[in-house]
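So the chains spell out like this:
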Amino acid sequence: MWRVEVTRPAALAQKAVLFEGPKVTIGRSDDNDIVLPESHVSRQHARLVEENDASVVEDFGSANGTYVRKGDYFRRVQARSVLPPHATLRIGTDVTVEIDTFRTPGTTVIGPAGGLSAAESSVRNIRQFAKEQAILVLDLCESSRMASRNEMMAFHLKTRLQMITDAVLAGLAVDFYKSTGDGFLATFGNIGEALEAAKEIRARIRKRNSISRNPPINIRMALHVGKTYVVNESTGDIHGSDVNMAFRLESVQSDAFLAKPQQLPKKDRILCSRAFVERLAPTPAADDFVACGQACLKGFRQPVEVFRLKSD
């Protein structure tokens, strides 16, 4: 099974479709499974193939190439290339294709009739296997700068942060956890536990900073609630636009807001989406948040209303 998400900058469009079967064709011609009308895309441009338990992309000798992301760079496919479970392709000059391969038992009818056309604009059948969860993202601020000045101290701060967060999360019902190197991504079935985790981590870090002679641990956290789904059954790794939103919220700064927000610190903060606050209401916990305004988050067409958890 393939989940293919296409981003077309020229049309300001993004769409995703599931396909069932061993092959998915991409090109400008209408007989492709994924139709891309851009002039820099060849009529028969590329094909995704399941082959001996591996996923492969084949380029049909296209004029402007098919590229696979390798780290921070895109490398051109020379005839064919084996793909990881989650891969990012560039078709031609600017069309981005996110590809996930996985199996979901019992799922039927995957793609729309005629495949993914230029007119499609909605996500199809995602609710069949998506799971609504509270999402918590944490990141250690300025870790690269610290590492360049004092690598041993940077390692100490990361280790201490890990000890604090592990102790907090161990006492809660965490559905999914993944280290991001300088922080983590975690999801919860209970929105209250996600908020409790963020508050307790903040409290413990503040206590540590108040008594330690070492540099302070400065973090940013973000809370969101939305749909996630597993892209790799062997690892349980999750994916989804709501996961992306949580990461964008964590890193957002003042210049992304339509109007300059009041009291938005660059670090030592907990931000959340309107969706998260609305799910908390009408509990008293919802009153702990103050509105920061609407921000334009990378990868999202519409501005997102951002809230900040008040400091104690």
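Residues numbered from 1 in each chain as written. Predicted model: local features only at pLDDT ≥ 70, side-chain atom pairs only at ≥ 80, totals over all residues. Heavy atoms only, no water.

## A look at the overall build of the protein
For the protein, the helix and strand inventory stands at five helices and 19 strands. In the form shown here, the protein has an accessible surface area of approximately 15900 Å², with 49% of it arising from carbon and sulfur atoms. (Helix = DSSP H or I, 4+ residues; strand = E, 2+ residues; numbered from the N terminus. Areas by Shrake-Rupley, 256 points an atom, 1.4 Å probe, with all protein chains shown as cover.)

## Considerations on the pairing of strand β13 (residues 174-179)
Of the pairings in the sheet, the one linking β13 to strand β14 (residues 183-188) comprises five bridges and is antiparallel in character. If you follow F176 over to β14, its bridge partner there is T187. Between β13 and β14, which pair antiparallel in sequence order, lie three residues; one of them, G181, sits at a positive phi of approximately 90°. (Pairing = 2+ DSSP bridges.)

## Brief notes about the environment of F289
Along the chain, the position of F289 falls in strand β18 (residues 289-295). Leave out the neighbours within four places in its chain, and F289 touches L195, C272, F276, V277, L280, F307, R308, L309 and K310. (Contact = heavy atoms within 4.5 Å.)

## Regarding the packing of helix α2 (residues 151-169) against helix α3 (residues 191-211)
Where α2 meets α3, the closest approach of the two axes is 10 Å, and the angle between their N-to-C directions is 135°. It follows that α2 is oblique to α3 by the angle criterion. In the packing of α2 onto α3, the handedness of the crossing is right-handed. Facing H156, L157, R160, L161, I164, T165, A167, V168 and L169 of α2, the residues of α3 in contact are A197, E200, I201, R204, I205 and R208. Considering only residue class, the contact of α2 with α3 consists of nine nonpolar, two polar and four charged. (Axes fitted to C-alpha atoms, helices over the stretch in contact; angles between N-to-C directions. Parallel < 35°, antiparallel > 145°, perpendicular 65-115°, else oblique. Left-handed = near helix turned anticlockwise from the far one by under 90°. Nonpolar A, V, L, I, M, F, W, Y, C, P; charged D, E, K, R; others polar.)

## Examining the packing of aromatic side chains
For any two aromatic rings, the description comes down to two numbers: the centre-to-centre distance and the angle of the planes. A complete count under the given rule lists two aromatic pairs for this structure. For the ring pair F276 and F289, a centre distance of 6.3 Å and an interplane angle of 70° mean the geometry is edge-to-face. Residue F276 is located in helix α5 (residues 274-280), and its partner F289 is located in strand β18; the two are separated by 13 residues in the primary sequence. The positively charged end of R90 is found above the aromatic ring belonging to Y67, 4.0 Å away from the centroid. The ring of F74 is capped by R90, whose NZ or CZ atom sits 5.6 Å from the centre of that ring. (Phe/Tyr/Trp six-rings, centres within 6.5 Å; stacked < 30°, edge-to-face > 60°. Lys NZ or Arg CZ within 6 Å of the ring centre and 35° of its normal.)

## Section: the confidence of the model for the protein
When pLDDT is averaged along the protein, the result is 83, and 86% of the positions lie at 70 or above. This model gives residues 103-128 a pLDDT under 50, and the stretch forms 52 contacts once residues within four places in sequence are excluded. (pLDDT = per-residue confidence, 0-100.)

## Concerning the sheet that holds strand β3 (residues 23-27)
Taken in spatial order, the five strands make up an open sheet running β4-β3-β5-β6-β9, and their pairing is mixed. Both edges of this open sheet fall to β4 (34-35) and β9 (80-83), since each of them pairs with a single strand only. Two strands pair when backbone bridges link them, and β3 and β4 are joined in this way by two bridges, in the parallel orientation. Opposite G27, over in β4, you have V35 as the bridge partner.

## Describing the pairing of strand β17 (residues 269-273)
A large share of β17 lies buried, amounting to five of its five residues. Along β17, one buried face is formed by R269, L271 and S273 and the opposite face, lined by I270 and C272, is buried too. Both β17 and strand β19 (residues 304-309) contribute to a ladder of three bridges, which runs antiparallel. Within the sheet, the bridge partner assigned to C272 lies in β19 and is F307. (Buried < 20%, exposed > 50% of the residue type's maximum accessible area, 1.4 Å probe, protein only.)

## A few points about the pattern of salt bridges
For the coordinates displayed, the defined rule picks out 13 salt bridges. We note a salt bridge from D288 to K199, for which the minimum N-O separation is 3.0 Å. Residue D288 is located in the loop between α5 and β18, and its partner K199 is located in helix α3; the two are separated by 89 residues in the primary sequence. Exposure remark for D288: the relative accessible area of 27% places this residue in the partly exposed category. (Salt bridge = Lys/Arg side-chain N within 4 Å of Asp/Glu carboxyl O.)

## Topic: the environment of T96
Among the secondary structure elements, T96 is positioned in strand β11 (residues 95-101). Remark: the alpha-carbon pair of T96 and E5, spanning 91 residues in sequence, is separated by 8.2 Å. Discounting residues that sit within four places of it in the chain, T96 has contacts with E5, V6, T7, T88 and L89.

## Side note on the nonpolar core
F188, I219, L223, F276 and F289 are the most contacted members of the largest nonpolar core, which has 38 residues in total. Where this core is concerned, the elements lending two or more residues are β12 (131-140), α2, β14, α3, β15 (219-232), β17, α5 and β19. Ignoring sequence-local partners within four residues, the contact set of F188 consists of Q133, A134, L136, L169, L172, A173, V174, D175, E193, A194 and A197. Formed by 21 residues, the second largest nonpolar core is a distinct cluster that contains W2, L48, V68 and L83. (Core = buried A, V, L, I, M, F, W, Y, C linked by side-chain atoms within 4.5 Å.)

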